[in-house]
Amino acid sequence: MELVYLWVEKYKNIYHQGFNFSPRFECNYDGENLTITSKEHLENFFGKNINITAIVGENGSGKSSLISEIINKIIFNTKIEYKQPASLICFLNDDKNKIYISSHLIENDSNVISNFDFRLTHYREDIFPNNLDKEYEDTAYTRMKISKDFRKEYYRSFFYMYNNSLEIDSYYHKTYEYNPELLFFSEVNKSDNIINLEKEEEKTYGYLMTLLLNQNRVPKEIKNFFLPTKLFLDREILINYFDGLENEIDEEEKYKKLRKHLSIKDVLKLETILYLHYFSKKNSHNREYDDIIGHIRMFYRGFKDVEAYDEIYKFLESNLTEYLNKIDFTKQEIRRDDNRSNDIKELNELEKTLLLLRDLDELVPLVKNINNDDVDLDYEIDVNLLNNEKQLFLKRMPSYLKIDFANKTGRRFNELSSGEQNLLKLMFSIENIIQLRQGKTDSLYILLDEIETAFHPNWQKRILNWLIEFVKHYEMQINIIVASHSPFILSDLPKENVIFLEKYEDKDDEVKNGNQKISNCKNVTKETNLDTFGANIHSLLSHGFFMKDGLMGEFAKSKINDAYDFLSNANTQTNLTQIKAQEIINLMGEPILKKELQYLYDVKFETSEIERQIREHQEAIERLQAQRSRND
């Protein structure tokens, strides 16, 4: 199904506004009647079964609120809850020959004016038309009937939100009682409005692991950036363990010499024991599990860790079952008692470390190569031995063993820039959702809120093309809705695929007559005369929709205005001097404006013709020297 139209009665700063999401139709709701008009459009402009809509506007105009309201109306849509704010939402069916109108506002076909076939998705029983018995069925809700066809198609849609905004409430992760087959997933990973960066990292590693083991399903758009071919466990231990240790240098040297002569199992054993000692000292203040940590710490005091690693291992091995049982008991106690800290992160880390000591024989066969370079310590994992069980095992490593990936050139994932990583995470997550939903989903909605934020402008202008190339190979209907500030994204879309938002101002008639409030969302799509597709960025930015006050930075503008006022004698109370005015002129990069200000300067200070020619020749020499440097 394809989203066609959404009318928002009231949500945050959006009040009585309608939004068209399909270039095929123009819909308008006037408070009583809904008009649907078919429009001429380019079929399959973005590719078969792909539609893209951009929502653009300044900060606070309602872009993110509109994305959020789409989620609200989609999830709550079929629940027919009349206590909810009234809604109106239209979908085009899979066969592209019928529009389903789901609305708490429209209860009769007579309220719809359309030359295109349509169906109301539900009727109240007291107004249900007799001729629709075969097309509709009773619902669990009192006196309501719902379209069978709509329900079937609607429940085979999937809604995916990629956004780390804290404004999206966590309950959106749930599946709702009335539509158990309709799923919604948000990439937000948070609890109590806090994004869990560790879980975000775990998800990324999960995507990379999946692609590593399924090379044949990797789209070329991902391969072009980063295709993992090797898996490593980076050992991050020496910096923490030996730092501040008594006889630090001697102990580190003993460690290095010993490590070179040990088997892989013994190296793992040694390093895990060193890490456990470091961990126990770091958490010595934590009373939640002091009986475990205290016992371990007391035992360590009688040994030099490096030399006595095997003896320590045997002691720990004999007590592992007792320690793990205590950890499990402590975690249960913490969860049951609201007055105690429910942060069991460190307790989980202790458990992972002890489990690794117990399960070393599972890890050792996976190690293909051990790198003893003092600078770059890591184990290379034999990816040919990995299966689902082994993947889960690797993901449970304690934090001193960091999963990392490399491509065929040896470049590590952690060496990529933040922009490259963000792009890959976006592609990974979409690819993962598509793979999970293939065969279960006919329509996929990808909701993207300001994805350009982390990207260089050169990537901002490419992101939509990458997405199109990425998803066009899949057989489901793909609907991409992008909320953005970026004119780079806008230039890839016909204006029929763009929703323009502004904020109501005190001069607007709707504000004067009390129908709208200042700063409410204002849909100005029909009034915006801006041909977006293929437009260059300067043309888009120069349009009043983006920059009402020109393209120059406000600080530079204020300095130049000061210079102009000073040189034109418009401001006699300025602190500007002749020297400062010339310095500002010299810094300017806009040639016409610079020439005008220089003229005013020459008139004000009666610059002689000789001085003017000297200055112009000096400027010409500087330009030639700059050109020579570029050529060299």
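See the structure above.
About the cut-offs
- Residues numbered from 1 in each chain as written.
- Predicted model: local features only at pLDDT ≥ 70, side-chain atom pairs only at ≥ 80, totals over all residues.
- Heavy atoms only, no water.
- Axes fitted to C-alpha atoms, helices over the stretch in contact; angles between N-to-C directions.
- Helix = DSSP H or I, 4+ residues; strand = E, 2+ residues; numbered from the N terminus.
- Parallel < 35°, antiparallel > 145°, perpendicular 65-115°, else oblique.
- Left-handed = near helix turned anticlockwise from the far one by under 90°.
- Contact = heavy atoms within 4.5 Å.
- Nonpolar A, V, L, I, M, F, W, Y, C, P; charged D, E, K, R; others polar.
- Core = buried A, V, L, I, M, F, W, Y, C linked by side-chain atoms within 4.5 Å.
- Buried < 20%, exposed > 50% of the residue type's maximum accessible area, 1.4 Å probe, protein only.
- Disulfide = S-S within 2.5 Å.
- Pairing = 2+ DSSP bridges.

(A) Here's a closer look at the packing of helix H19 (residues 554-567) against helix H20 (residues 578-587). Between H19 and H20, the shortest axis-to-axis distance is 10 Å and the interhelical angle comes to 130°. With respect to H20, the axis of H19 lies oblique. Note that H19 runs across H20; the crossing there is left-handed. On H20, the residues touching Lys559, Ala563, Phe566 and Leu567 of H19 are Gln578, Ala581, Ile584 and Ile585. For the contact of H19 with H20, a count of residues per class yields six nonpolar, one polar and one charged.

(B) Up close: the nonpolar core. Core analysis: the biggest nonpolar cluster contains 104 residues, and Leu316, Phe405 and Leu467 have the highest contact counts within it. Of the residues forming this core, the biggest block, ten residues, is contributed by helix H9 (residues 309-336). Leave out the neighbours within four places in its chain, and Leu316 touches Ile273, Leu276, Ile296, Tyr300, Tyr323 and Leu357.

(C) Main features of the state of the cysteines. Under the counting rule described, the total for this entry stands at zero disulfides. Take Cys27: it sits in no disulfide, and the sulfur closest to it among the cysteines is that of Cys90, at 5.1 Å. Exposure remark for Cys27: the relative accessible area of 2% places this residue in the buried category. Take Cys90: its relative accessible area is 0%, and that puts it in the buried class.

(D) Seen up close, the sheet that holds strand E1 (residues 2-11). The sheet built from five strands is open, its strands ordered E2-E1-E6-E7-E9 with mixed pairing. The open sheet has two edge strands, strand E2 (14-20) and strand E9 (118-120), and neither has a second partner. Strand after strand, the sheet turns through a mean of 15° between neighbouring axes, direction not considered.

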